[in-house]
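# Notes for the structure review
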2 protein chains.
Amino acid sequence: MLSSLEIAQAATLRPITDIAADAGIEPDELEQYGRFKGKVDLSLIDRLSSRPDAKLINVTAITPTPAGEGKTTTSVSLTQGLGALGHKPVLALREASLGPVFGVKGGAAGGGYAQVVPMEDLNLHFTGDLHAITAANNLLSAMIDAHLLHGNKLGIDPITISWRRCMDMNDRSLRDIVTGLGGKVNGYPRQTGFDITAGSEIMALVAVARDLADLRKRLGAITVGQTYEGEPVTAEQLQAAGSMTVLLKEAIKPNLVQTLEGQPAFIHCGPFANIAHGNNSLVADRVALKLGDYVITESGFASDMGMEKFFDITCRVGDLRPSAVVLVATVKALKHHGGNIDGGMAEIEAGAANMARHIGIINGFGLQAVVGVNKFPTDTPEELELVRRLAVEHGAYAAEVNTAFEHGGEGAIALSEAVVAAADEPNGFTFAYPADAPIEEKIRSIVQKVYGGDDVQLLPAAKEKAAAFEKAGLGELPICMAKTHLSLSHDPTLKNAPTGFTVTVRDLRPYTGAGWIVALCGDMQTMPGLGAKPAAFAIDVDEHGNTVGLF
Amino acid sequence: MLSSLEIAQAATLRPITDIAADAGIEPDELEQYGRFKGKVDLSLIDRLSSRPDAKLINVTAITPTPAGEGKTTTSVSLTQGLGALGHKPVLALREASLGPVFGVKGGAAGGGYAQVVPMEDLNLHFTGDLHAITAANNLLSAMIDAHLLHGNKLGIDPITISWRRCMDMNDRSLRDIVTGLGGKVNGYPRQTGFDITAGSEIMALVAVARDLADLRKRLGAITVGQTYEGEPVTAEQLQAAGSMTVLLKEAIKPNLVQTLEGQPAFIHCGPFANIAHGNNSLVADRVALKLGDYVITESGFASDMGMEKFFDITCRVGDLRPSAVVLVATVKALKHHGGNIDGGMAEIEAGAANMARHIGIINGFGLQAVVGVNKFPTDTPEELELVRRLAVEHGAYAAEVNTAFEHGGEGAIALSEAVVAAADEPNGFTFAYPADAPIEEKIRSIVQKVYGGDDVQLLPAAKEKAAAFEKAGLGELPICMAKTHLSLSHDPTLKNAPTGFTVTVRDLRPYTGAGWIVALCGDMQTMPGLGAKPAAFAIDVDEHGNTVGLF
């Protein structure tokens, strides 16, 4: 079989103008970026406001192995499968970050015959959204330090500045730095650092803004630090929010591409569901809901990670109502949770406890779970059937093996049919916590109802901040948990279905622009690093100028 | 009169596909970025290889005031004027950097009725070239630090690492930083810094690469530092050059836009003619030379800055032969050099010495100088006529007042006719120095023949490096002077026509990827800062979502 890059490079793509026209997008609503990419104007949502929304299907996964379980491949193939069945599906995925592309994880375009294309563009600069977010973030940083240098009229206490620079790169050397060395001409020295762009508040904020005016307002509401009197200092006070908005004017528009089988796919915002909220943009979902009959929207990592945040943050903020959830499972991941990734049927049986927990989490949100067993070449038919059977036994509405990597949409027909049926069932969608509960109570609800833990412990710094935030009127914001994706708990070494644990929250960050409070569990890094053999070593151009080594 | 932004926003643009078709670009050679921007494939140069090249006109200026003299406005209007005369002009300009856009200088799209459009796009992210350059630069940085952490197999001596990170922002706090703090997990601490992207070697390298293969080779040849044994360490040895090339695959293609009067304009690479070479890309010039009958190419700052580097670097590397030079002068700048920017006729007479020197520099390269006197609203007819007359008296081939800011191409008809005549004259184009002269000798030639100084003094560090570079086989590379643009000398306070000075070179940097040696004069900063009232304060969106405050 060809590599995913070779399949993508060999594909015959339809002009994006045709994809858009078939989806019901007016020519004036599409701004082309090359022949096969476009941005869609948000005015479309108003134009089609009277049209009923599509059914919204979330795609999530069981607790993944470090290599991932093929969630994007499943999302793409489900879209292709629904298309093959005669429906009008629209896909909504998250954008790739250059960090993982040149690091270890690879791209974010699916794989095999279930990809979104043009794959190379998607995994590189695409339409520049992440670069625009980086620029807006770092303009604010430069304006903060310039403000300190030019007299500090706002009286910002430099030691309270929580706003960090960002870069779309895996660069651990930038996590903890001192800037402004070299004397007066370079400003005041300050200890600070860079986060990866995907984990920045600006990325989060673009992902939940409803339109340009809302974006402008949210940018102004960003808290960068405090005055010597303890009052918050915002981007608005620094006169930075207007320029930041101008830098993000295009980035707020969702990007349209296509699946290998020609269905429309929006790719917009939101990677990194561990340190960030990890979902594609609200505007992409809203546009997609107006265009299709099924919207397939993917959340990052497992149901305790991206899916929880999709429901409790995006759906709450955006007033979205999901219809069903697809839970991706693999033979390999079940073996991994069962104690031996190279094991057999016994390990699958044992590791099914993880899958059961995720089905329970989905049901806990009042939704049906359809398990998609993503087939890998090394899986035996018996192993695949065992996973499928265990899923149903553990409460899945249905479970189907998905061979889309090899067969495209045809390989996802059974899964697609099951999803259609599940979405037709009545559901009692609900949140994990009410917005008006105290901050600690909201975190406790997530830990107990979603992670299956005993309790939460806020360290003194976090406890203090929770009280301060509530006093400052931020008590009703939802929570964005920053937690490892490798375990249902906060401890990446606890595989399968851990119980009896208490989650420690070491710090809280007020994302007053994005509109939520980040709870940092354990020692989550907000800037990854490159390994000893990064993917970058193998990426190159060949003698014909074609890209090689990208996956 | 409307503001430049209002004029640009009110303009009716032609689809870029029409501009391209009229210019003779095949549909397959144009990649659209929205309706009004496109990238042109370099294969066009081969397709049209048998067509004779257009006449190449360089646009430069006298020593500018900090506000600039309207060189881009003149370049655009000359293109518009030649178009009005029935010629087939093609414009080649440099890309804007976000640093100055949000800092003080404003945009880079011309002004009034002599602009390239879409102006907002040009001054913001445009087609993402600077972001791609930033990413490639910083990927290499991350790979250097990761290499040190993961065993340092190449034996790089960390203290010799000259490769710095970059950012397209005015952020002085990043000039001098310490990275890698916080313990083992964040790598080894190191003192380093950021340059502005426009001044980076990658920007320089993209600007002179002939094609993708040449780009790949140049990226591999970048020197990042030395081993403990004193051997150079390259990007190729770090296995970074392939990935960097993939990041720059689109950035190497020149960007096509249009003037307000519909002539084709390439905008590609190369701002910052003080710290960098400050010219648009060689590929943009090469493509333009195949498409038109006149190519108007603008160099940064004055003739001692961008123009010298255009001739001695770009024309030498790219085998280009210019036909004539337009020298932009203003009443205000002559008064400034004459001792009082608010002065009168006497100051103009005095300040004409600066203009005379620039005419002499142009003649020294064997070319005719046509002076374009760029009219400002405050200039009187007598003042303008005086500048015009003095230009001719001091050796200009011709001199014409240019009212294009108010009148578009019609205001540049006389200037255009003079340029056509000057370009028809035979010329004896020559370089300021032969490539095979010793490094110090080449710098001395520039100082004496171009700047009009007495001599050059290499400080010990620079002298040592000159010897080392010659020993390492780098002796035949051209020189890129990093010098203030505010004086013909290296001292920004010496206005008008200074003599009797010796230029001090404090350091040399080997740009083995770009293919030249940078000579740092005085204390040139490679990262600007934001002032107390940056342009960013005024930039915003209005209630209709339109950008305001961009200029």
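What you see is a predicted model; the values in this text were computed from it and never measured. (Residues numbered from 1 in each chain as written. Chains lettered and ligands numbered in written order. Predicted model: local features only at pLDDT ≥ 70, side-chain atom pairs only at ≥ 80, totals over all residues. Heavy atoms only, no water.)

### So, the sheet that holds strand β22 (residues 516-521) of chain B
All names here are of chain B. Stated formally: Strands qualify as paired when DSSP identifies two bridges or more between them. In this text, helices come from DSSP runs of H or I with a minimum length of four residues, and strands from runs of E with a minimum of two, each type numbered from the N-terminal end. The angle between two axes is taken between their N-to-C directions and runs from 0 to 180 degrees, where each axis is a line fitted to C-alpha atoms and a helix contributes only its stretch in contact.
Strands sit in the order β19-β21-β22-β20 across an open sheet of four strands; the sheet is mixed. The sheet is open, and its two edges are formed by β19 (455-458) and β20 (479-482), each paired on a single side. Recorded for the sheet is a direction-independent mean angle of 40° between the axes of neighbouring strands. Relative to β22, β20 is paired through four bridges, and the arrangement is parallel. Its bridge partner being in β22, Cys 480 is matched across the sheet by Val 518.

### Examining empty space enclosed by the protein
We apply this condition: Each cavity reported here is a set of points on a 1 Å grid over the protein atoms alone in which a 1.4 Å probe fits but cannot get out, each pocket an open set with protein on both sides within 12 Å along at least five of seven lines, and each lining residue one with an atom within 4 Å of a point. Grid points are joined across faces, edges and corners, and a volume is the space filled by probe spheres set on the points. Residue classes follow a fixed rule: Ala, Val, Leu, Ile, Met, Phe, Trp, Tyr, Cys and Pro count as nonpolar, while Asp, Glu, Lys and Arg count as charged, and any other residue, Gly among them, counts as polar.
Scanning all chains against the criterion turns up eight cavities of 30 Å³ or more. In this model, the largest cavity occupies a volume close to 230 Å³. Looking at the largest cavity, it is lined by 19 residues, and the ones nearest its centre are His 131, Thr 134 and Asn 138 of chain A together with His 131 and Thr 134 of chain B. Going through the elements one at a time, α7 (129-149) and β7 (165-167) of chain A together with α7 (129-149) and β7 (165-167) of chain B are the ones with two or more residues in the lining of the largest cavity. Split into classes, the residues belonging to the lining of the largest cavity amount to 11 nonpolar, six polar and two charged.

### Here's the deal with the packing of aromatic side chains
Residue and element names in this part refer to chain A. Selection rule: Stacked, tilted and edge-to-face are the three classes applied to pairs of Phe, Tyr and Trp rings, where Trp contributes its six-membered ring and a pair requires centres within 6.5 Å; stacked means planes under 30 degrees apart, edge-to-face means over 60, and tilted covers the rest. Put simply, a charge is over a ring when the Lys NZ or the Arg CZ is close to the ring centre, within 6 Å, and near the line of the ring normal, within 35 degrees.
Across all of its chains, the model carries nine aromatic pairs over all chains by this definition. Ring geometry for Phe 429 against Phe 431: centres 5.5 Å apart, planes inclined by 80°, an arrangement best described as edge-to-face. Looking at Arg 316, its charged tip hangs above the ring of Phe 431, at a distance of 4.2 Å from the centre. Taking NZ or CZ as reference, Lys 332 lies 4.8 Å from the ring centre of Phe 376, over its face.

### What to know about the confidence of the model for chain A
What counts is decided by this rule: Summary of the metric used: pLDDT quantifies the predictor's per-residue confidence within the range 0 to 100.
In this model, chain A carries an average pLDDT of 95, and 99% of its residues clear a pLDDT of 70 or more. Across the predicted assembly, pTM comes out at 0.96 and ipTM at 0.95.

### Observations regarding the relation of the copies chain A and chain B
What counts, and what does not: Least squares is the method used to superpose the copies, on C-alpha atoms of residues holding a pLDDT of at least 70 in both. We call two residues in contact when some of their heavy atoms are within 4.5 Å.
Mapping chain A onto chain B is achieved by rotating through 180° and translating by 0.0 Å along the same axis, at an RMSD of 0.0 Å. Put plainly, the chains are arranged around a two-fold axis. Among all residues of chain A, the one whose C-alpha sits closest to the rotation axis is Tyr 33 of chain A, at a distance of 2.1 Å. Mapped onto chain B, 100% of the interface residues of chain A again fall at the interface, so both copies present the same surface.

### Overview of the domain arrangement of chain A
All names here are of chain A. For clarity, the cut-off: In this entry, domain limits derive from an automatic or database-based domain assignment. Once two parts are put together, the accessible area they lose, assessed with a 1.4 Å probe and summed over both, is termed the buried area. In the sections that follow, a salt bridge refers to a side-chain nitrogen of Lys or Arg positioned within 4 Å of a carboxyl oxygen of Asp or Glu. Each polar contact in these results corresponds to two N or O atoms within 3.5 Å; when the atoms are within protein, one needs to be able to donate a hydrogen and the other to accept it, and residues that are neighboring in sequence are counted only if both atoms are side-chain atoms.
As assigned here, chain A comprises domain 1 (4-128 + 251-424), domain 2 (130-242) and domain 3 (439-521). With 11 residues of domain 2 in contact, the opposing surface of domain 3 contributes eight residues. Summing both sides of the interface, domain 2 and domain 3 together bury roughly 710 Å²; the carbon and sulfur share of this comes to 49%. Sorting the residues of domain 2 by area buried against domain 3 places Glu 201, Ala 204 and Thr 223 first, and these three jointly supply 50% of that buried surface. Our count for the contact surface shared by domain 2 and domain 3 stands at one salt bridge. Notably, a salt bridge pairs Arg 509 with Asp 195, separated by 3.9 Å at the nearest N-O pair. Connecting domain 2 to domain 3 are eight residue pairs in polar contact (both at pLDDT 80 or more). Ranked by residues supplied to the side of domain 2 that touches domain 3, first place goes to helix α8 (residues 201-208) with four residues. Of the residues that constitute the side of domain 2 that touches domain 3, the class distribution is five nonpolar, three polar and three charged.

### Overview of the sheet that holds strand β19 (residues 455-458) of chain A
Residues and elements named next belong to chain A. Sheet architecture is open: four strands sit in the order β19-β21-β22-β20, paired in mixed fashion. Each edge of the open sheet is held by one strand with a lone partner, namely β19 and β20 (479-482). In this sheet, neighbouring strand axes are inclined to one another by 40° on average, regardless of whether the strands run parallel or antiparallel. Where β19 and strand β21 (residues 502-511) come together, four bridges link them in parallel fashion. From the neighbouring strand, Val 456 faces β21, where its bridge partner is Val 503. Along the sheet face, helix α19 (residues 460-471) touches β19, β21 and β22 (516-521) and points at about 45° away from the line of β21.

### Quick look at the pairing of strand β17 (residues 369-374) of chain A
All names here are of chain A. The cut-off we apply is this: For every residue, the accessible area obtained with a 1.4 Å probe (protein chains only) is divided by the maximum for its type, and the residue is called buried under 20%, exposed over 50%, and partly exposed between those limits. A crossover counts as right-handed when, viewed with the strands pointing away from the observer, the path leading from the first strand over the helix to the second turns clockwise.
Burial within β17 is extensive, with six of its six residues counted as buried. Because side chains alternate across β17, one face comprises the buried residues Ala 369, Val 371 and Val 373, and the other comprises Val 370, Gly 372 and Asn 374, equally buried. The pairing of strand β16 (residues 322-329) with β17 spans five bridges and is parallel. Following the sheet pairing, Ala 329 is matched in β17 by Val 373. As defined by bridge partners, β17 adjoins strand β18 (residues 398-402) across five bridges and the pair is classed as parallel. Paired with Asn 374 across the bridge in β18 is Asn 402. Handedness of the β17-helix α15 (residues 381-393)-β18 crossover: right-handed.

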